[in-house]
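Chain by chain, the residues:
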Amino acid sequence: MPEISRFFGIIIAMFGDDHNPPHFHVRYGDFRCTVTINKGVVKGQLPRKVLNKVFEWMDEHYDELMANWARLQDGEEALPIDPLK
């Protein structure tokens, strides 16, 4: 899995061959979901507290997430993004 960040047991990944809209994948234990970067639409399930942390992280790193999406669409590798602190 092309991991770009990890914090509090939450793993965030982005894939180069993924479809639009721009989004990322989240793993937390047995839970899995995708989150769109622009609108925060969630497909899948996460515990509410975990999802709140993911949204907080997403808000802090919006520009980096969009830059990573563009990099992946251009065939480049995604860059790591700092974890939520």
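Residues numbered from 1 in each chain as written. Predicted model: local features only at pLDDT ≥ 70, side-chain atom pairs only at ≥ 80, totals over all residues. Heavy atoms only, no water.

*Asks:* Can you explain the pattern of salt bridges? Please cite residues and give values.
*Replies:* As enumerated under the stated definition, the model contains two salt bridges in all. Measuring nitrogen to oxygen at the nearest pair gives 2.7 Å for the salt bridge that ties Arg6 to Glu3. We classify Glu3 as partly exposed; its relative accessible area is 37%. (Salt bridge = Lys/Arg side-chain N within 4 Å of Asp/Glu carboxyl O. Buried < 20%, exposed > 50% of the residue type's maximum accessible area, 1.4 Å probe, protein only.)

*Asks:* Give me the packing of aromatic side chains: which residues, what numbers.
*Replies:* Enumeration over the complete set of coordinates arrives at three aromatic pairs. Seen from their ring centres, Phe24 and Trp57 are 5.6 Å apart, and the 80° between their planes marks the pair as edge-to-face. In this pair, Phe24 is assigned in strand 3 (residues 23-28) and Trp57 in helix 1 (residues 48-60), connecting sequence segments 33 residues apart. For the pair formed by Phe24 and Trp57, the shared burial category is buried. (Phe/Tyr/Trp six-rings, centres within 6.5 Å; stacked < 30°, edge-to-face > 60°. Helix = DSSP H or I, 4+ residues; strand = E, 2+ residues; numbered from the N terminus.)

*Asks:* Explain the environment of Leu65 to me, and be specific about the residues and the numbers.
*Replies:* With respect to the secondary-structure elements, Leu65 resides in helix 2 (residues 62-73). By relative accessible area, which is 0% here, Leu65 ends up buried. Leave out the neighbours within four places in its chain, and Leu65 touches Ile4, Met14, Phe24, Ile37, Trp57, Met58 and Ile81. (Contact = heavy atoms within 4.5 Å.)

*Asks:* How would you sum up the pairing of strand 2 (residues 10-13)? Please name residues and give values.
*Replies:* Side chains Ile10 and Ile12 of strand 2 all project onto a buried face; the interleaved residues Ile11 and Ala13 project onto the opposite face, where all are buried too. Bridging between strand 1 (residues 3-7) and strand 2 involves four bridges; their strand directions are antiparallel. Looking across to strand 2, one finds that Ser5 is bridged to Ile12. A loop of two residues connects strand 1 with strand 2, the two strands running antiparallel in sequence, and Phe8 in this loop sits at a positive phi of about 50°. (Pairing = 2+ DSSP bridges.)

*Asks:* Give me the lowdown on the sheet that holds strand 1, citing residues and values where you can.
*Replies:* Whether parallel or antiparallel, the strands of a sheet pair through hydrogen bonds between backbone atoms. With antiparallel pairing, five strands are arranged side by side in an open sheet as 1-2-3-4-5. Strands with a single pairing partner mark the edges of an open sheet, and in this sheet they are strand 1 and strand 5 (42-44). Neighbour to neighbour, the strand axes of the sheet diverge by 20° on average, direction disregarded. By the bridge criterion, six bridges tie strand 3 to strand 4 (residues 31-36) in an arrangement that is antiparallel. Its bridge partner lying in strand 4, Arg27 is registered against Arg32. Packing against the sheet, helix 1 makes contact with strand 1, strand 2, strand 3, strand 4 and strand 5, and its axis sits at approximately 145° to strand 3. (Axes fitted to C-alpha atoms, helices over the stretch in contact; angles between N-to-C directions.)

*Asks:* I'd love a proper account of the nonpolar core, names of residues and values included.
*Replies:* Ranked by size, the top nonpolar core spans 21 residues in total, and within it Ile12, Met14, Phe24, Val26, Val54, Trp57 and Leu65 carry the most contacts. A per-element tally of this core places helix 1 first, with five residues. (Core = buried A, V, L, I, M, F, W, Y, C linked by side-chain atoms within 4.5 Å.)

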